[in-house]
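So you can see what is in the structure, the chains are spelled out below.
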Amino acid sequence: MSRIITEAGLRELAEAWLRDGQAVAGPSEVKLGLIQYRPITAAARLLFDGFVHPANSIKEFFFPRHEPLYRYRLEGSRVVLEDCEPPAVKQLVFARPCDAAALPVLDHVFNWDCADEFYNRRREATTVVTLACSRYDDECFCTSVGLGPAAEQGADAVLFALGGGAFEVRPTTAKGDAAFADRTEESDRTATPFAGPPRRVALPRVEFDSPVWEDATLECLGCGACAYTCPTCHCFDIVDEGNAAGGMRAKNWDSCQFSLFTLHASGHNPRHAQPRRQRQRIYHKFHIYPEKFGPILCTGCGNCARQCPAGLGVLNVLKAIEASHAEHLPA
Amino acid sequence: MSETNGFEPKIVAYVCNWCTYLGADLAGTNRLEYPPNVRLIRLPCTGRIDFNLIVKAFEMSADAVLVSGCHPGDCHYTAGNYHARRRWMLFRPLLEALGFDLRRIHFTWISAAEGRKFQQVIAEITESARKLGPYRPYEANGESKWRPAGLPPPKRRSGDDASLRTTARELLAEGKAGVVIGRGERGPVLARKPEDADRLTWNGASKIALTAYLKRKEVRALGKPAIVAGPADLRALNVLEQESQIRREDIHVIAAEGPGAAPPDFSDLDALLQLEPGERMAYWAGEFDRCVKCYACRQACPLCYCERCIVDKNRPQAIDTSAHARGNFAWHITRAFHLAGRCVGCGACTRACPAGIDLRLLNQAAARAAERQFGYRAGADPKAEPLVGVYSLTDKEEFIG
Ligand code: SF4
Ligand code: SF4
Ligand code: SF4
Ligand code: SF4
């Protein structure tokens, strides 16, 4: 026996959240040929199928690109501080499994030496519903990082397309259960498993000192397109913004691919060339983060390759590393 | 009456030290009364007035902005006002494309002797701003449904791949080039070894301008570059040469076509300008709402070569780094203006943007002004004087009061 819901039922679920004044986000077509995760104001804007992966990730709904932490203003000679709060509303986020899977990975770093209240509160307030994939493109490599089209990590409920506008619902948490309570029907239809992309790379050993960085990543231009569309990249900068009368302190996205990221006040830059910055990105994802927290910092979503204007992306660099190891093997 | 009742506009006036400021002073000493709505900010010269200041004034709740300096011929620094005039001829069309209300932005010449003119100008501007009502920066009236047709797909190049690879292989093998910058199946290729030449193809993918690699330190370190250049790349090389960034003899150019003489297609820009200013602003507010400040647009651009971009300068922070409406508008206005008269229309910024923002339209607004006002097309002629670096006594000034 399974629980099923129709596409109309899913939209009705989203509408109900919106009617209650809560937030809903999911894949939506922002312009011809461009699908992004966006906050939506009408359930009709949600897309469930017909694309592989949105051009961004869901991290924006937990870790916004710009988050004011507190504001200050001058009253006479007194500085008045005012705390900022993340919005109090609940969120319903429709996602791909590779985006949801990033959340338990990110939980580690946002609760490591200090608990990031903003992140945690958004996380608590959010119900993540994933739709298991039924197609993939050349950039997808979830199956190479231990995930797959039906991965449940980070999801409160997983949907499986049954065809004919029906979805099987498998709640995985109490939040997911609550979201679908009274909205599903019993059925004897169950989803046929979908294997997803073939394994594209065996996760190679990442070496710090290797000619592969220069060989394979010199084309990188040092933009933030990969990091900013990646569900797991989470670097931020704390900035003060405003003037003598008032302003704020905010947390803004940052990326290790920018040349300024490691620039010292002295003018020295330990990562002085782009291949070193690429090395940092790969090394952090596949060596530093797992060493510190366990999981690797990549869900194989492929966005870094899809969005890289220079045709790079993590999968391509991993393949180059793999090939460089093979070169060194005796014939 | 009812609508303007109680509303007192704030006017920010950026004035030059030598003429208009003294004109204001004269108005004061002569007891010529003018509305107290104006905040004077004294700068050395109109030529020194950065457009960021105008944007900043609006961000900080100015309802109108005035820039005023010495009459032509009177500039204390000889020609600062001529430079300002020329820049405004490019800047105003850009603001127009963004949907700014140009009735809130004023430019005048007021000499040290014109206390009375200063009085009149301030009275007029205050009155007009009072009628226009309060200005809310970047406030969009709802959502715009307008969508540009977008960039056409790149044209197929006519070059022959086999001879391209032979040329590249020979250049690398004979040490005549340290790197051949070209396109491959997946994206740009920096061929460094003769065998890499086989990855090059005329019709490969690249969302970026190949000439963008010429600014990169790690690419420069490879020795003399050769570049597989399409028409836009050739135009970019011309601008880089005009701006003394490269010497042509230091670069080996492999090209199958010339820099292209066909006029750019401005049809999307025309359609944008058909919209009401408010809707234009709504369109951009919607687009910039997706901007995450990844700077792929800048990195992919052949002419964004500053070692430290103005947005990365933080002493003081001229542009908010936050990817909110204010920070994004300021960033895109500044970037487009810094490319006025320089953008070669390669489309790289628009192709590279992960958020699908049609940045090209902003660059086109300035590019078309350059064509119309000066018959100037960036990159067409490497010997031409850079448009914004020079001025002419006959530059039009119908917008100056
Ligand atoms: S590194 Fe690339 S593939 Fe991995 S999670 Fe980030 S964007 Fe996706
Ligand atoms: S890998 Fe690509 S997307 Fe990432 S910084 Fe480099 S050029 Fe930008
Ligand atoms: S590339 Fe697009 S998203 Fe990135 S900074 Fe430029 S406009 Fe914004
Ligand atoms: S179209 Fe203009 S602004 Fe955009 S990348 Fe090309 S030269 Fe730069």
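If you're wondering where the values come from, they're calculated on a predicted model, not measured in any experiment.

1. Details of the overall build of chain B
Part 1 of the reasoning: Within chain B, the secondary structure is distributed over 13 helices and eight strands.
Part 2 of the reasoning: Computed over the C-alpha atoms, the radius of gyration of chain B is 24 Å, within 12% of the 21 Å expected from 2.2 N^0.38 for a compact globule of 401 residues.
Part 3 of the reasoning: Counting only residues that meet the buried cut, chain B has 54% of its 401 residues in that class.
Part 4 of the reasoning: Here the analysis covers contacts within chain B between residues at least 6 apart in sequence; of these, 78% occur between residues at least 24 apart.
Part 5 of the reasoning: Only carbon and sulfur atoms are counted for the fraction: they give 51% of the accessible area of chain B, which is about 17300 Å².

2. Considerations on the pairing of strand 2 (residues 38-43) of chain B
All names here are of chain B.
Part 1 of the reasoning: In the sheet, strand 1 (residues 11-16) pairs with strand 2 via six bridges, with the strands oriented parallel. Residue pairing for strand 2: Cys16 is matched across the bridge by Leu43.
Part 2 of the reasoning: In terms of handedness, the path from strand 1 via helix 1 (residues 20-29) over to strand 2 forms a crossover that is right-handed.

3. Description of the sheet that holds strand 1 of chain B
Residue and element names in this part refer to chain B.
Part 1 of the reasoning: If you trace the four strands from one edge of the open sheet to the other, you get 2-1-3-4, paired in parallel fashion. Pairing within the sheet leaves two strands with one partner each, and these edge strands are strand 2 and strand 4 (105-109). Recorded for the sheet is a direction-independent mean angle of 20 degrees between the axes of neighbouring strands.
Part 2 of the reasoning: Sheet topology note: the strand 3 (residues 64-69)/strand 4 ladder contains five bridges and is parallel. Bridge pairing in strand 4 places Val65 opposite Ile105.
Part 3 of the reasoning: Across the face of the sheet, helix 4 (residues 115-132) comes into contact with strand 1, strand 2, strand 3 and strand 4 while running at roughly 160 degrees to strand 3.

4. Notes on the state of the cysteines
All names here are of chain A.
Part 1 of the reasoning: All told, the structure shown has one disulfide over all chains when counted by the stated rule.
Part 2 of the reasoning: In this structure Cys133 is a free cysteine whose sulfur lies 5.9 Å from that of Cys98, the closest cysteine sulfur available.
Part 3 of the reasoning: With no disulfide of its own, Cys235 lies closest to Cys256 among cysteine sulfurs, the gap being 5.8 Å.

5. Points about the interface of chain B and chain A
Part 1 of the reasoning: Taken together, the contacts link 44 residues of chain B with 45 residues of chain A.
Part 2 of the reasoning: For the pair chain B and chain A, the two sides together bury roughly 3300 Å², of which 49% comes from carbon and sulfur.
Part 3 of the reasoning: There are four salt bridges connecting chain B and chain A.
Part 4 of the reasoning: We note a salt bridge from Lys31 of chain A to Glu287 of chain B, for which the minimum N-O separation is 3.3 Å.
Part 5 of the reasoning: Taken together, the links from chain B to chain A amount to 20 residue pairs in polar contact (both at pLDDT 80 or more).
Part 6 of the reasoning: Elements with a minimum of two residues in the side of chain B that touches chain A: strand 6 (188-191), helix 6 (217-220), helix 9 (277-288) and helix 10 (296-299) of chain B.

6. Digging into the domain arrangement of chain B
Part 1 of the reasoning: Domain parsing of chain B yields domain 1 (11-139) and domain 2 (161-255).
Part 2 of the reasoning: Relative to domain 2 of chain B, the C-alpha centre of domain 1 of chain B lies at a distance of 46 Å.

7. Things to note about the environment of Leu10 of chain A
Residues and elements named next belong to chain A.
Part 1 of the reasoning: In this fold, Leu10 is placed in helix 1 (residues 7-19).
Part 2 of the reasoning: Taking relative accessible area as the criterion, Leu10 reaches 0% and is therefore assigned buried.
Part 3 of the reasoning: Note: C-alpha distance between Leu10 and Phe167 (157 residues apart in sequence) is 9.0 Å.
Part 4 of the reasoning: Not counting the four nearest positions on each side in its chain, Leu10 is found in contact with Ile5, Phe48, Phe94, Leu159, Phe167 and Phe180.

Cut-offs and rules
Throughout this document, residue positions are counted from 1 along each chain, in the order its sequence is written. Written order decides the labels, with chains lettered from A and ligands numbered from 1. For a predicted model such as this one, the threshold for reporting local features is a pLDDT of at least 70, and the threshold for listing and counting side-chain atom pairs is 80 or more; totals across whole chains, interfaces and linings nevertheless cover every residue. By convention in this description, side-chain values take in all heavy atoms of the structure and omit both hydrogens and water. Helix numbers and strand numbers start at the N terminus; a helix is a DSSP run of H or I with at least 4 residues, a strand a run of E with at least 2. Here the globule rule reads 2.2 Å times residues to the power 0.38, and the radius of gyration is calculated from C-alpha atoms. Burial classes: relative accessible area under 20% of the type maximum marks a residue as buried, over 50% as exposed, and values in between as partly exposed (1.4 Å probe, protein chains only). When checking whether two residues touch, look at their non-hydrogen atoms; a contact exists if any pair is within 4.5 Å. Accessible areas in this description were obtained via Shrake-Rupley with a 1.4 Å probe; residue shielding takes into account the shown protein chains only. Note on pairing: two strands pair once DSSP finds at least 2 bridges between them. A right-handed crossover is one whose linking path, passing over the helix from the first strand to the second, runs clockwise when the strands point away from the viewer. Lines are fitted to the C-alpha atoms to define the axes, a helix being fitted only along its stretch in contact, and any angle between axes, read from their N-to-C directions, falls within 0 to 180 degrees. Note on terminology: pairs of cysteine sulfur atoms within 2.5 Å are recorded as disulfides. Put simply, buried area is the surface a 1.4 Å probe can reach on two separate parts but cannot reach once they are joined, added for both. The working definition used for a salt bridge is a side-chain nitrogen of Lys or Arg within 4 Å of a carboxyl oxygen of Asp or Glu. Any pair of N or O atoms that falls within 3.5 Å is considered a polar contact. Within protein, one atom must be able to donate a hydrogen and the other to accept it, and sequence-neighbouring residues count only if both atoms are side-chain atoms. The start and end points of each domain follow an automatic or database-based domain assignment.

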